Structure formats: C-alpha cells, structure tokens
Amino acid sequence: MDSSSGVGVLDKAAVVLSALEAGPSTLAQLVTATGLARPTAHRLAVALEHHRLVTRDLQGRFVLGPRLAELAASAGEDRLLAAAGPVLGALRDHTNESAQLFRRQGDHRVCVSAAERPVGLRDSIPVGATMTMLAGSAAQVLLAWEEPDRLHRGLQGAAFNATTLSGVRRRGWAQSVGEREAGVASVSAPVRSPSGRVIAAVSISGPIERLSRQPGRLHAATVIAGANKLTEVLARHAAAQEAAAKAQAE
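Residues numbered from 1 in each chain as written. Predicted model: local features only at pLDDT ≥ 70, side-chain atom pairs only at ≥ 80, totals over all residues. Heavy atoms only, no water.

Participant: Tell me about the overall build of the protein, and name the residues and values.
Facilitator: Within the protein one finds 10 helices and 8 strands. By principal-axis analysis of the C-alpha atoms, the protein measures approximately 65 × 45 × 30 Å. Considering the protein as a whole, with its 250 residues, one finds that 44% of them fall into the buried category. Taking as baseline every contact in the protein between residues at least 6 positions apart, the subset at least 24 positions apart corresponds to 55%. (Helix = DSSP H or I, 4+ residues; strand = E, 2+ residues; numbered from the N terminus. Buried < 20%, exposed > 50% of the residue type's maximum accessible area, 1.4 Å probe, protein only. Contact = heavy atoms within 4.5 Å.)

This is the structure:
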C-alpha cells in the first residue's frame, strides 16, 4: 500500500513519529531513520514538540510525547466507562464504601464513574465532579507515574511530596487520610492503558471512622484488583482491535 497521503508535510510528520516509535533519537539519528533533510527533520520535530506529540528526554533526545497517550486513552474512553460500572459496583459491595473512577484533565481530576453506598453515611462524589490534583489518593496515583518534569510541577502546592509518590509507585496504590477533606479517607490504584501508561485511578472513599487511619491495610488489595480488571479490559479490547485490523489488511 502506498504510504503517501498526498499531503507532504503530514506524511513527513508521520515518518518522524514512526521513527520515534523505535525509541529516543538525536536529530542525527532522526535524519538517518527518516531520510529527511536535517533542517526539515528538525523543523518537524520541533513543531510536533509544540503540540506535545513529541517531547525530549533528559538527554535532550526526541521521544514520543504525552499527547499521543492522551489521545489513545480518549479513544478507549467508551470501553473504560462501559466496564467501570460493574467493577465499581463490585468494589462498593465488597468494601461497603463508595467507589469512583477518576481521569485527569489538566490540573484537575474528574469523576467519570461512581458507585455509591445505598444507605448510611456516604462520601458522595457525583459523576462529573471536578476535584483538585493537589490532594487525595486518586491525585497521588494520577501524578505518581508522570514524567519527571510534569511530576515536579504537580507537586507544587500539593498536600503530598515526592517521597509519598515514591511510596505509591513502590506499593502500586495510594491512601489519604483527611488530606482532601477533613474526616474522609480513601484508597486508590492505577488503571493502565495497553501501553502501560496510567490513565485513570480507581478509588474507594468514606469516613475515617470506618476506613481507619490506615485504609490501605483494609482495602488496598481489593482496590488494586478492581483497577487491574479495568486494565485487563482495555488490554483485551486493544488486542481484539489489532487482530481485526490485521485480518482486514490481509
């Protein structure tokens, strides 16, 4: 199949992105991999960097940027939300606490799905609620695996610090006690895209009186299991799409 679309600059940009799929590249390596003239390769890479489709690593090499992962995550949004309802419901029933799914949007996190306790004292977080990225276990999870510069910026003014996030990465889950709201505790775990990027956080939340000051001891394993179920759903969906695409191409 002819790889040319007839729109030259777009085709060249696609060649740059395809070359970076193999890993970080210096400008010289990018020129070699793409066959583009050095000024053209540099101009395209910098333009793609402006749109966050390309970024640079700590050595200054060009790498694929975070915008690609964000677009891929959005493409899987319907599948994620369809699977979230049953998973959050089971999590609520098992822990007897409210369960939520959060996605990051810029400097905030948004509750995109929730399962509330039917009776009794609740920490109600409605779908669509926009919350801070500066406090709470879900914020910790959504920030902990970010690239270093974005993580550093996210810590400015936060109720947690780099040591806290290092612990989150080591354990694979986060907890907060009265961090976002007095009297409320929560436990969160990451949902990952097929590429391994953290794209959402599964949480349970409730009063400290029930969850205690070490809520992770009570519920971390269950919350992790729920998050892993959603990660598996996205992986299966991506594998099915890839298989269908291959079958169509043959």
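Participant: Describe the pairing of strand β3 (residues 98-105), and please don't skip the residues or the numbers.
Facilitator: Counting buried residues along β3, 7 of its 8 residues qualify, which places the element largely inside the surrounding structure. Looking at chain direction, β3 and strand β8 (residues 198-207) are connected through 5 bridges and run antiparallel. From the neighbouring strand, Phe102 faces β8, where its bridge partner is Ala201. Relative to strand β4 (residues 108-115), β3 runs antiparallel, the two being bridged by 7 bridges. Residue pairing in the sheet places Phe102 in a bridge with Cys111 of β4. Where β3 hands over to β4, the hairpin turn is made up of 2 residues, of which Gly106 adopts a positive phi near 65°. (Pairing = 2+ DSSP bridges.)

Participant: Describe helix α6 (residues 137-144), with residues and values.
Facilitator: The periodicity of an α-helix, 3.6 residues per turn, causes residues three or four positions apart to be oriented the same way. When you tally the buried positions in α6, you get 8 out of 8 residues, the bulk of the element. Within α6, the full set of buried residues consists of Ser137, Ala138, Ala139, Gln140, Val141, Leu142, Leu143 and Ala144.

Participant: Before we move on, could you go through the nonpolar core and cite the residues and values that matter?
Facilitator: Ranked by size, the top nonpolar core spans 28 residues in total, and within it Leu80, Leu101, Val191, Val202, Ile204, Val223 and Leu230 carry the most contacts. Sorting the residues of this core by element identifies α5 (77-95), β3, β4, β7 (184-192), β8, α9 (208-211) and α10 (215-249) as the ones contributing at least two each. In this structure Val202 touches Leu88, Leu91, Gln100, Leu101, Val187, Ser188, Ala189, Val191, Val223, Ala227 and Leu230, once residues within four positions along its chain are discounted. Judged by nonpolar contacts, the second largest core, of 21 residues, contains Met131, Met133, Ala138 and Ala201. (Core = buried A, V, L, I, M, F, W, Y, C linked by side-chain atoms within 4.5 Å.)

Participant: Run through unusual backbone geometry, naming residues and quoting values.
Facilitator: Phi is positive for Arg52, close to 65°, though the residue is something other than glycine. Relative to the helices and strands, Arg52 is located in the loop between α3 (38-50) and β1 (54-56). Notably, Asn96 is not glycine yet its phi reads approximately 65°, a positive angle. With respect to the helices and strands, Asn96 occurs in the loop between α5 and β3. We classify Asn96 as partly exposed; its relative accessible area is 44%.

Participant: I'd love a proper account of the packing of aromatic side chains, names of residues and values included.
Facilitator: Scanning the entire structure with this criterion turns up 0 aromatic pairs. In this structure, Arg109 is placed above the aromatic ring of Phe102, and the distance from its NZ or CZ to the ring centre is 4.7 Å. For Arg171, the ring lying beneath its charged end belongs to Trp173, and the centroid distance is 4.3 Å. (Phe/Tyr/Trp six-rings, centres within 6.5 Å; stacked < 30°, edge-to-face > 60°. Lys NZ or Arg CZ within 6 Å of the ring centre and 35° of its normal.)

Participant: Can you tell me about a nonpolar patch on the surface, naming the residues and giving the values?
Facilitator: Among the surface-exposed residues, Val7, Val9 and Leu10 lie close enough to one another that they form a single nonpolar patch of about 270 Å² accessible area. Structurally, Val7 is set in the segment before α1 (8-20). (Patch = residues over 30% accessible without salt bridge, like charges linked within 9 Å, V, L, I, M, F, W, Y side chains within 5 Å. Areas by Shrake-Rupley, 256 points an atom, 1.4 Å probe, with all protein chains shown as cover. Salt bridge = Lys/Arg side-chain N within 4 Å of Asp/Glu carboxyl O.)

Participant: Give a detailed account of helix α8 (residues 162-171), specifying residues and quantitative values.
Facilitator: Turning to α8, its buried residues are Leu165, Gly167 and Val168. The arc that holds the buried residues of α8, viewed along the axis, is 155°, so those residues lie on one side. For α8, the exposed residues lying more than 90 degrees away from the buried face are Thr163 and Arg170. Tucked inside the fold, the buried residues of α8 contact α6, α7 (148-154) and β6 (174-177). One side-chain oxygen of the residue at the start of α8 lies 3.1 Å from the amide nitrogen of Thr163, identifying that residue as Asn161. Just past α8, the residue Gly172 takes up positive phi, approximately 90°. (Arc of directions from axis to C-beta. Polar contact = N/O pair within 3.5 Å; in protein donor to acceptor, adjacent residues only side chain to side chain.)

Participant: Summarise the sheet that holds β6; cite the residues concerned and give the values.
Facilitator: Strand order in the open sheet made by the 6 strands is β5-β4-β3-β8-β7-β6, with antiparallel pairing throughout. Looking at the sheet topology across the chains shown, the edges are occupied by β5 (130-132) and β6. Strand after strand, the sheet turns through a mean of 30° between neighbouring axes, direction not considered. In the packing of α6 onto the sheet, contacts are made with β3, β4, β5, β6, β7 and β8, and the angle to β8 comes to roughly 165°. (Axes fitted to C-alpha atoms, helices over the stretch in contact; angles between N-to-C directions.)

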